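# Coordinates in review
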Amino acid sequence: MSAAPGRFDGRVALVTGAGSGIGAACAARLAAEGACVGVLDVHAAGAKSVATTIRAKGGTATALTCDVSDEKQVAGAVGDLIASFGRLDVVHSNAAALGPGTYGRDQDLEDLDVAVWDRTMAVNLRGALLMVKHTAPAMADGGAFVLTSSVSGLLGDVAHVAYGTSKAALTGFVRYVATKYGSRGIRCNAVAPALVLTDVAAQALGRDRLADKAAERLLPWACTPEDVADLVAFLASGESRCITGQTIVIDSGTLAHRPEHALRQWRAAAESL
Ligand SMILES: NC(=O)c1ccc[n+]([C@@H]2O[C@H](COP(=O)([O-])OP(=O)(O)OC[C@H]3O[C@@H](n4cnc5c(N)ncnc54)[C@H](O)[C@@H]3O)[C@@H](O)[C@H]2O)c1
């Protein structure tokens, strides 16, 4: 999975939620390997800034402002991208509702405002559907869809039932997309990260929660956005030509074990300090 400059030469990629965090790293990575990239985000300033940074480094990128839950906006943004670059090979559907009004209010199941559930599903799930629906007809045969899921879609938790359920649904969705488009050589996979150390995540969690997360994983390091970009680029490239319909966990070993063992180890290490 090492960086191979030119892997996406002559290809066109669209990354949603690319105005910050993981999406920004993935857009930069695809561009660095030769793709012309559509940097799509609901926040125009974020999309413009990421596209400008890519161009400053010699890459090719255009900023697209679009709410992925809105079908007309999605159709318009996809049309604009294809008008600019003439083809489409890779779609990374990565945007998610993570703000204080959605993820922040997605706490207790019994107190959950249905508006929070609906908005979370609209962005995280309907957004993925709309991206596939409006890009697949124009996608080159042999292209690839990559979706960003989460380990929250593979585990239960006391909070974030809407977020986790939306991500769980993506596990099914990738199989449907893989099934429909397999005969065109178009693949569809999802990446499921545990904690990824974006600036926002590091600030939002604080020291204690970050220590809890460290205790949950086997490796001493958490994933960075660039680690996720490595996996996304692999799944978008011909190197993964026989992989489709899969949700690939990238979590530094968070889900690979029963938690008691790691917790004991970390407690012992903390006590010995
Ligand atoms: N950071 C983590 O620890 C982590 C872990 C697991 C999964 N994820 C997933 O990774 C993806 C990216 O998250 P991130 O951590 O980089 O967060 P982020 O907040 O930095 O990025 C999310 C981006 O999506 C955009 N967005 C939100 N709603 C949108 C909409 N309706 N239309 C278009 N764009 C919209 C935001 O403006 C933002 O730029 C998400 O799907 C998230 O669920 C993140």
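A brief structural summary. Note that the coordinates shown come from a computational prediction; the quantities given were computed from them, not determined experimentally.

### Some thoughts on the environment of His257
Tracing the sequence through the fold places His257 in the loop between β7 (247-250) and α8 (259-271). When the C-alpha atoms of His257 and Glu216 are compared, they prove to be 9.2 Å apart, with 41 residues separating the residues in sequence. A polar side-chain atom of His257 sits 3.4 Å from the main-chain carbonyl oxygen of Gly253.

### With respect to the pairing of strand β6 (residues 187-193)
Counting buried residues along β6, seven of its seven residues qualify, which places the element largely inside the surrounding structure. Residue alternation in β6 divides its side chains into two sets, Arg187, Asn189, Val191 and Pro193 and Cys188, Ala190 and Ala192, and both sets are buried. Where strand β5 (residues 144-148) and β6 come together, five bridges link them in parallel fashion. Counterpart to Ala144 in the pairing with β6 is Arg187. Where the polypeptide runs from β5 across helix α5 (residues 161-181) and back to β6, its parallel neighbour, the crossover connection is right-handed. As judged from the four bridges shared by β6 and β7, these two strands associate in the parallel manner. Residue Val191 lies in a different strand from β7, and its bridge partner there is Ile248.

### Some details on the site of the ligand
Taken together, 26 residues are adjacent to the ligand, and Ser20, Asp41, Asn94, Tyr163 and Val196 come closest. Take Ser20: an N or O atom from its side chain is 2.8 Å from an oxygen atom of the ligand. At 2.8 Å, a backbone N or O of Val196 approaches an oxygen atom of the ligand. Notes on the ligand: free accessible area 820 Å², of which the protein chains cover 89%. Elements with a minimum of two residues in the shell around the ligand: α1 (21-32), α4 (114-135) and α5. Among the residues forming the shell around the ligand, the class breakdown is 13 nonpolar, nine polar and four charged.

### Quick word on the packing of aromatic side chains
Taken as a whole and assessed by the stated rule, the structure comprises two aromatic pairs. On the numbers, 4.9 Å between centres and 85 degrees between planes, the contact of Tyr103 with Tyr163 is edge-to-face. Here Tyr103, found in the loop between β4 (90-93) and α4, pairs with Tyr163, found in helix α5; they are 60 residues apart in sequence, far enough to count as distant. Judged by relative accessible area, Tyr103 falls into the partly exposed class, the value being 27%. You can call Tyr163 buried: its relative accessible area is 10%.

About the thresholds
- Residues numbered from 1 in each chain as written.
- Predicted model: local features only at pLDDT ≥ 70, side-chain atom pairs only at ≥ 80, totals over all residues.
- Heavy atoms only, no water.
- Helix = DSSP H or I, 4+ residues; strand = E, 2+ residues; numbered from the N terminus.
- Polar contact = N/O pair within 3.5 Å; in protein donor to acceptor, adjacent residues only side chain to side chain.
- Buried < 20%, exposed > 50% of the residue type's maximum accessible area, 1.4 Å probe, protein only.
- Pairing = 2+ DSSP bridges.
- Right-handed = clockwise from strand over helix to strand, strands pointing away.
- Near = heavy atom within 4 Å.
- Areas by Shrake-Rupley, 256 points an atom, 1.4 Å probe, with all protein chains shown as cover.
- Nonpolar A, V, L, I, M, F, W, Y, C, P; charged D, E, K, R; others polar.
- Phe/Tyr/Trp six-rings, centres within 6.5 Å; stacked < 30°, edge-to-face > 60°.

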